[in-house]
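# Descriptive structure summary
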Amino acid sequence: MNASDKSPVETHALRLAESLRSRSTVQVVLECLIHGSISSTALLGNIFVLYVVYKSSRLRNVTGLFVVSLALSDIAMATLVTPQSFAALIAGRWTSGFIACQLQGFVVITTVAASLQTMSLMSIDRYFRVVRPMKHRSFFTMPRARVMAASVWILSLMYAVPYVASGRKYIFHPGKFFCFHEAESTFEADVIYICLCISLAVLSFCYLNVFRHLRLNAKRVKNMRGAHATTDNNARHISPEEIRLTRTLFVTVLGYLICWTPVVMIDFVEMGVGDWSLSRGVYFFYTNIGLTSSSLNPIIYGVLNRTFRREYKRIFCFKTKLSNQDEN
């Protein structure tokens, strides 16, 4: 087949593959360091999150269960997706075979969907805890929360099924250096964007109402203190700890959106100008900024949550003491 007989997508794929293959040694090392550092941070950070939840009795509740579910999706991304991509960065081509490519494409869709839906579930939990606390006590019990978390994962596993069932395959994208759906846009391939829109709608509704209620509650408490009155039940049930936790979880959502907004924008730009037509540098940024979202949550918890911060200090102080003892 002559070059003139190739489709635009095939032409762009060859261009990206050649760009991946012809990198200098310095560029290969730099790209591997960037991708490997983000992946390692995501893996180790979320393992610390699981450890902290396990060690702290204060986190063995509904919120802690959802935090664990979110951490597991990030660990799955770091362990089942990035190793093959890291190998492709080193070799300059896909080296893991056809089956591994299909598995990676499936896992990418599943973990992204699980993260989005878990954060939506966390926002619903915060909505009921802050806005409708009486219903929260009866509805968000631990047995029901376990069913909810499991349902999120079952539903996430189903998102990739329509694409696979339609007979399509995941193929290696030499720009994004992971296995992605075929270039042609189809309903089956766009299911994840439907998930994104629904999740964003749920997150927006819940957190807008939560922060509106918190603001009204703060004003009510201030007015009652000014009038030397006793706070009513509505004002009393929102403790400072609950407010801090709500803010922490909101910042995790904000961090996720900051990372994934460029990803979605690049996807939509690509749809407009042509599939696979952007530069490899843009696609390299695309993959790594999406992966960064998996490494942010442990950092956010450590900065904003007192329990996580205390446990992190214990872990690292313990290691410091051991090293000091060894030196002595």
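Note that the coordinates shown come from a computational prediction; the quantities given were computed from them, not determined experimentally. (Residues numbered from 1 in each chain as written. Predicted model: local features only at pLDDT ≥ 70, side-chain atom pairs only at ≥ 80, totals over all residues. Heavy atoms only, no water.)

## Some words on the overall build of the protein
- The helix and strand tally for the protein stands at 13 helices and two strands.
- Residues classed as buried in the protein amount to 48% of the 328 residues present.
- Of the contacts formed within the protein by residues at least 6 apart in sequence, a portion of 77% connects residues at least 24 apart.
- Roughly 16900 Å² of accessible area belongs to the protein as shown, and the carbon and sulfur atoms make up 66% of that amount. (Helix = DSSP H or I, 4+ residues; strand = E, 2+ residues; numbered from the N terminus. Buried < 20%, exposed > 50% of the residue type's maximum accessible area, 1.4 Å probe, protein only. Contact = heavy atoms within 4.5 Å. Areas by Shrake-Rupley, 256 points an atom, 1.4 Å probe, with all protein chains shown as cover.)

## Notes on the packing of aromatic side chains
- One pass over the full model with this rule turns up 14 aromatic pairs.
- Relative to F128, the ring of Y127 lies with its centre 5.4 Å away and its plane at 90°, an arrangement referred to as edge-to-face. An identical accessibility class is assigned to Y127 and F128; each is buried.
- These aromatic residues form a ring-pair network of at least three members: Y127, F128, F139, F140 and F205.
- In this arrangement the basic side chain of K176 is found over the ring face of F180, its NZ or CZ atom lying 3.8 Å from the centre. (Phe/Tyr/Trp six-rings, centres within 6.5 Å; stacked < 30°, edge-to-face > 60°. Lys NZ or Arg CZ within 6 Å of the ring centre and 35° of its normal.)

## Here's the deal with the packing of helix α3 (residues 62-80) against helix α5 (residues 97-130)
- The contact between α3 and α5 brings their axes to 9 Å, and the two run at 165°. The orientation of α3 relative to α5 falls into the category roughly antiparallel. The handedness of the crossing between α3 and α5 comes out as left-handed.
- Each residue belonging to the contact of α3 with α5 can be placed in one class, and the counts come to 14 nonpolar, seven polar and three charged. (Axes fitted to C-alpha atoms, helices over the stretch in contact; angles between N-to-C directions. Parallel < 35°, antiparallel > 145°, perpendicular 65-115°, else oblique. Left-handed = near helix turned anticlockwise from the far one by under 90°. Nonpolar A, V, L, I, M, F, W, Y, C, P; charged D, E, K, R; others polar.)

## Focus: the pattern of salt bridges
- Scanning all chains against the criterion turns up six salt bridges.
- A salt bridge links R21 to E18, with the shortest nitrogen-to-oxygen separation between them at 2.7 Å. Note that R21 and E18 are positioned in helix α1 (residues 8-21) at a spacing of three residues, about one turn of the helix.
- Linking R168 and E182 is a salt bridge whose minimum nitrogen-to-oxygen distance equals 3.0 Å. Of this pair, R168 sits in the loop between α8 (161-165) and β1 (170-173) while E182 sits in the loop between β2 (178-181) and α9 (191-226); the two residues are 14 residues apart in sequence, bridging distant segments of the chain.
- R168 gets classed as partly exposed once you look at its relative accessible area, which sits at 25%.
- Linked by salt bridges that have partners in common, R23, E31 and R280 make up one network. (Salt bridge = Lys/Arg side-chain N within 4 Å of Asp/Glu carboxyl O.)

## Details of helix α4 (residues 82-91)
- Where α4 is concerned, the buried positions are T82, Q84, S85, A88 and L89. With its buried residues spanning 160° around the axis, α4 presents them on a single face.
- Phi turns positive one or two residues past the end of α4, at G92, with a value near 80°. (Arc of directions from axis to C-beta.)

## A word on the side chain of T82
- One can find T82 in helix α4.
- Contact partners of T82, with chain neighbours within four places excluded, come to H35, S39, M77 and L291.

## A look at the nonpolar core
- Membership of the largest hydrophobic core comes to 77 residues, with the highest contact counts inside it found for V49, F66 and F308.
- The leading source of residues in this core is α5, at 14 residues.
- In contact with V49, not counting residues within four places along its chain, are V67, A71, P298, Y301, F308 and Y312. (Core = buried A, V, L, I, M, F, W, Y, C linked by side-chain atoms within 4.5 Å.)

## Observations regarding the environment of A78
- Among the secondary structure elements, A78 is positioned in helix α3.
- Along the chain, A78 and L44 lie 34 residues apart, while their C-alpha atoms are 9.4 Å from each other.

## Describing the packing of helix α11 (residues 240-273) against helix α12 (residues 280-304)
- With their axes 8 Å apart at the nearest point, α11 and α12 run at an angle of 175° to one another. Here α11 is positioned roughly antiparallel relative to α12, judged by the angle of their axes.

## Overview of the confidence of the model for the protein
- Predicted confidence across the protein gives a mean pLDDT of 84, with 86% of residues reaching 70 or more.
- Per-element mean pLDDT across the protein ranges from 46 in helix α10 (residues 233-236) up to 96 in α4.
- Below a pLDDT of 50 lies the segment residues 228-236, which in the model reaches 13 contacts outside its immediate sequence neighbourhood of four places, other chains included. (pLDDT = per-residue confidence, 0-100.)

## Section: unusual backbone geometry
- The backbone of F177 shows a phi angle near 50°, a positive value even though the residue is not glycine.
- Looking at the secondary structure, you find F177 in the loop between β1 and β2.

## A look at the state of the cysteines
- In this structure the tally under the stated criterion is one disulfide.
- Across the disulfide, C101 is cross-linked to C179 (sulfur-sulfur distance 2.0 Å). With the S-S dihedral at roughly -120°, the linkage between C101 and C179 falls on the left-handed side. Residue C101 is found in helix α5, and its partner C179 is found in strand β2; the two are separated by 78 residues along the sequence.
- Among the residues examined, C101 registers a relative accessible area of 5% and is labelled buried. (Disulfide = S-S within 2.5 Å.)

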